[in-house]
Structure formats: C-alpha cells, structure tokens
Amino acid sequence: MKCYPIGETLFPLLDKEGIFMSLLRQLNRLTTKVAEFIMFLFSLILILSCFAQICTRMAGIPLSWSEELSRYLAVWLTFIGAAYALRKKSLATVEILYDKLKGNNKMFLYGIISILVLVFSVILIKYGLAFSMRFMRQTSPALHIPKGIVYLSAPISGILMLLYQIELLVDEFKKKGV
C-alpha cells in the first residue's frame, strides 16, 4: 500500500489543476448552458404548441402536428431535465438511510450510488443509441421526422449524466480527502 504525501491525492490526473478535470469542468459548464437553453426553448415551443392546439381546436380546425410535437418535446425535456437535475444535485432522493450513516459508511453509500448512476448512464447511452439507430428510418405520422430523433434524447442524456456524475464523484472524494 502506497502512502501519499500531504497534498497529493489518490487521483493525480483528477486534481483541480489536472488537465482532465479542467477540461471536464469546462465541458460540463458548456453542456449545462446548452441544456438550459434547450430546456427553455423546448418549454417555450411546447407551451406555444399546446396553446395553438387549444385555439385551433376551439375554432374547429385542429392542428394535426401539435400534439405529436408536444409529446416529443416532453420526452426531450424529461431526459435533458433529468441530466440537468443531476448536475444541480436536485434529483429526488430518499435520504433516510444516508442521513443516519456517519463517516466512511456515508462515503461508501455515496460511492455505491454513484457507481449505479454511472452504470445507468452507460445503459442509457448504449440502448438509446441502439433504439435511435433502429428507428431512424421510421418517420412520425404528423411531423414526418425520423422517430430516431426522439430516441436520441436518451443517449444524449446518458452522456451528460456520465460527465456530470464523474465530476460530482471526484469532487466528493476530494472534499473527503480520499
């Protein structure tokens, strides 16, 4: 077992000064800004689409595409929003067990949860890409766009979650001095 001098960490490449963490933080800041913009834009389009559907339906000439657009935007908002919530540490959690644990046990549980999030992210990426590619030739009935575009929300969300969780995990271990 190697002893590390004071000031060195178990993860030298993951230090704040390290190039990997510096690039990861910059990338995560950029992707967070992009996610915020996408969520704002998609929310706005979703609201306008629903409003247009209500108005045209009341006028007796319902739009054929607005319901489909709203559904697809809701899917994208759900997946991007989940990644964004992970980044902001705003995901709903059950903290009963976590709050009762102390010291190393708390850190161990955090590590297990982080590993599960990373595994889930990889699964989202792998199967989301598979579904997306599988349905890229099938078009939606009203919008006539490839259905694979809707499924792309899963792997994109998985990539964001993976990047965000790596940063959160490293920060937590550094905070605890591991």
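As the structure is a computational prediction, the values presented were derived from the model and not from experiment.

Rules behind the numbers
Residues numbered from 1 in each chain as written. Predicted model: local features only at pLDDT ≥ 70, side-chain atom pairs only at ≥ 80, totals over all residues. Heavy atoms only, no water. Helix = DSSP H or I, 4+ residues; strand = E, 2+ residues; numbered from the N terminus. Buried < 20%, exposed > 50% of the residue type's maximum accessible area, 1.4 Å probe, protein only. Contact = heavy atoms within 4.5 Å. Axes fitted to C-alpha atoms, helices over the stretch in contact; angles between N-to-C directions. Parallel < 35°, antiparallel > 145°, perpendicular 65-115°, else oblique. Nonpolar A, V, L, I, M, F, W, Y, C, P; charged D, E, K, R; others polar. Patch = residues over 30% accessible without salt bridge, like charges linked within 9 Å, V, L, I, M, F, W, Y side chains within 5 Å. Areas by Shrake-Rupley, 256 points an atom, 1.4 Å probe, with all protein chains shown as cover. Salt bridge = Lys/Arg side-chain N within 4 Å of Asp/Glu carboxyl O. pLDDT = per-residue confidence, 0-100. Expected span 1.5 Å × (residues − 1). Phe/Tyr/Trp six-rings, centres within 6.5 Å; stacked < 30°, edge-to-face > 60°.

S.K.: Explain the overall build of the protein chain here, please?
M.R.: When helices and strands are counted, the protein chain shows six helices and zero strands. Starting at the N terminus and ending at the C terminus, the protein chain contains elements arranged as α-α-α-α-α-α. The burial tally for the protein chain puts 34% of its 178 residues in the buried class. Pairs at least 24 residues apart make up 70% of the contacts formed inside the protein chain by residues separated by at least 6 positions.

S.K.: Mind showing me how you'd approach the environment of F42 here?
M.R.: Considering the arrangement of structural elements, one finds F42 in helix α1 (residues 19-58). Expressed as a C-alpha distance, the spacing of F42 and L73, which sit 31 residues apart in the sequence, is 6.1 Å. In this structure, F42 is in contact with L73, W76 and L77, ignoring residues within four places of it in sequence.

S.K.: Whenever I open this one, the packing of helix α2 (residues 66-87) against helix α6 (residues 153-176) confuses me. Can you help?
M.R.: How two helices sit against one another is set out by the angle between their axes and by the gap between those axes. In the contact formed by α2 and α6, the axes pass within 8 Å of each other and the chain directions differ by 5 degrees. Judged by the inter-axis angle, α2 sits roughly parallel to α6. Facing V75, W76, F79, I80, A82, A83, L86 and R87 of α2, the residues of α6 in contact are S153, A154, I156, S157, L160, M161, Y164, Q165, E167 and L168. Here the residues of the contact of α2 with α6 sort into 13 nonpolar, three polar and two charged.

S.K.: So what exactly am I meant to see when it comes to a nonpolar patch on the surface here?
M.R.: Residues F37, F40, L41, L44, I45 and L48 make up a contiguous nonpolar surface patch of roughly 560 Å² in combined accessible area. Residue position: L41 is located in helix α1. Accessibility expressed as a relative area gives 31% for L41, which makes it partly exposed.

S.K.: How should I be thinking about the confidence of the model for the protein chain in this particular structure?
M.R.: Close inspection of predicted coordinates is inappropriate for parts of the model with low pLDDT. Counting all residues, the mean pLDDT for the protein chain is 89, and 89% of those residues have values of 70 or more. The secondary structure element of the protein chain with the lowest average pLDDT is helix α3 (residues 96-100), at 81, and the one with the highest is α2, at 97.

S.K.: Please explain α6 as it appears in this structure.
M.R.: An α-helix turns once every 3.6 residues. As a result, residues three or four positions apart point the same way. Here α6 contains 24 residues, and its C-alpha end-to-end distance of 34 Å stays within 8% of the 34 Å for a straight helix at 1.5 Å per residue. Among the residues trailing α6, G177 stands out with phi positive, at a value near 80 degrees.

S.K.: Help me understand the side chain of N28 in this model?
M.R.: Among the secondary structure elements, N28 is positioned in helix α1. A relative accessible area of 0% means that N28 is categorised as buried. Dropping the residues within four chain positions of it, N28 is found in contact with R87, L163, Y164 and E167.

S.K.: What exactly am I supposed to notice about the packing of aromatic side chains here?
M.R.: Aromatic ring pairs: the centre-centre distance and the angle between the two ring planes describe each pair. Under the definition given, this model contains four aromatic pairs. Judged by centre distance (6.3 Å) and plane angle (90 degrees), the ring pair of F42 and W76 falls under edge-to-face. Remark: W76 occurs in helix α2 and F42 occurs in helix α1; sequence separation between them is 34 residues. For the pair shown, F42 and W76 are each scored as buried. Three or more aromatic residues joined by ring pairs form one cluster here, namely F131, F135 and Y151.

S.K.: I would appreciate a short explanation of α1 in the present structure.
M.R.: In a regular helix each residue adds 1.5 Å, so 40 residues correspond to 58 Å; α1 covers 58 Å between its end C-alpha atoms and thus fits that length. Immediately downstream of α1, the backbone of G60 shows phi near 85 degrees, a positive value.

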